[in-house]
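Breakdown of the fold
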Amino acid sequence: MSVKIWIEASHQPAYRAGGFAWLRHSGEAVSGAAGGARDVDPAALAARALASAVKELPPASPVVLHLSSADLIEGVREMAARRARGWTDAEGSPLPGAADWAQAAEALAGR
């Protein structure tokens, strides 16, 4: 049985602040959480939201992600390429939220 995860994230550029919420449905169990941060880049907020949502997933369960944030969608789509570059951008600078992206990639590996 697959684990379904819905994630919403919102970033306010003028204040460099944002928040996220996620809901996870796995069989009969439903769980969720919310969080936020100040002085954060939108990509770093997306990484934090994804890492929070996929933490402690049941082993080997397929995962279905429902995302609406462009930063989340791009991050998941580009995850393998970013991992191959060592979580750096094309110029070699660390990606915003690199540790959270790495944590999420580890949790999703092989799914």
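Quick note: structure is the one above.
Scope of this entry: the structure provided in the associated data block. (Residues numbered from 1 in each chain as written. Predicted model: local features only at pLDDT ≥ 70, side-chain atom pairs only at ≥ 80, totals over all residues. Heavy atoms only, no water.)

**A few points about helix H4 (residues 98-108)**
Defined as follows: Burial here depends on accessible area, computed with a 1.4 Å probe over protein chains only, as a share of the maximum for the residue type. Under 20% is buried, over 50% is exposed, and the range in between is partly exposed. We count a stretch as a helix when DSSP gives it H or I for four or more residues in a row; a strand needs E for two or more, and each element gets its number in order from the N terminus. The directions considered for the arc are those from the helix axis to the C-beta atoms.
Listing the buried residues of H4 in full gives Ala-98, Asp-100, Trp-101, Ala-104, Ala-105 and Leu-108. Buried residues along H4 cover an arc of 160° about the axis, so they all sit on one side. Along H4, exposed side chains directed more than 90 degrees from the buried face belong to Ala-99 and Glu-106.

**A short note on the sheet that holds strand E2 (residues 17-26)**
Stated precisely, the cut-off is as follows: In this scheme, strands are said to pair when DSSP sees at least two bridges between them. Here, axes are lines fitted to C-alpha atoms. For helices the fit covers the stretch in contact, and angles between N-to-C directions go from 0 to 180 degrees.
The strand order across the open sheet formed by four strands is E3-E2-E1-E4, and the pairing between neighbours is mixed. Each having just a single partner strand, strand E3 (29-38) and strand E4 (63-67) make up the two edges of the open sheet. Direction aside, the axes of adjacent strands within the sheet are offset by 15° on average. As paired strands, strand E1 (residues 3-12) and E4 are joined by five bridges and run parallel to one another. Of the residues in E4, the one forming a bridge with Ile-5 is Leu-65.

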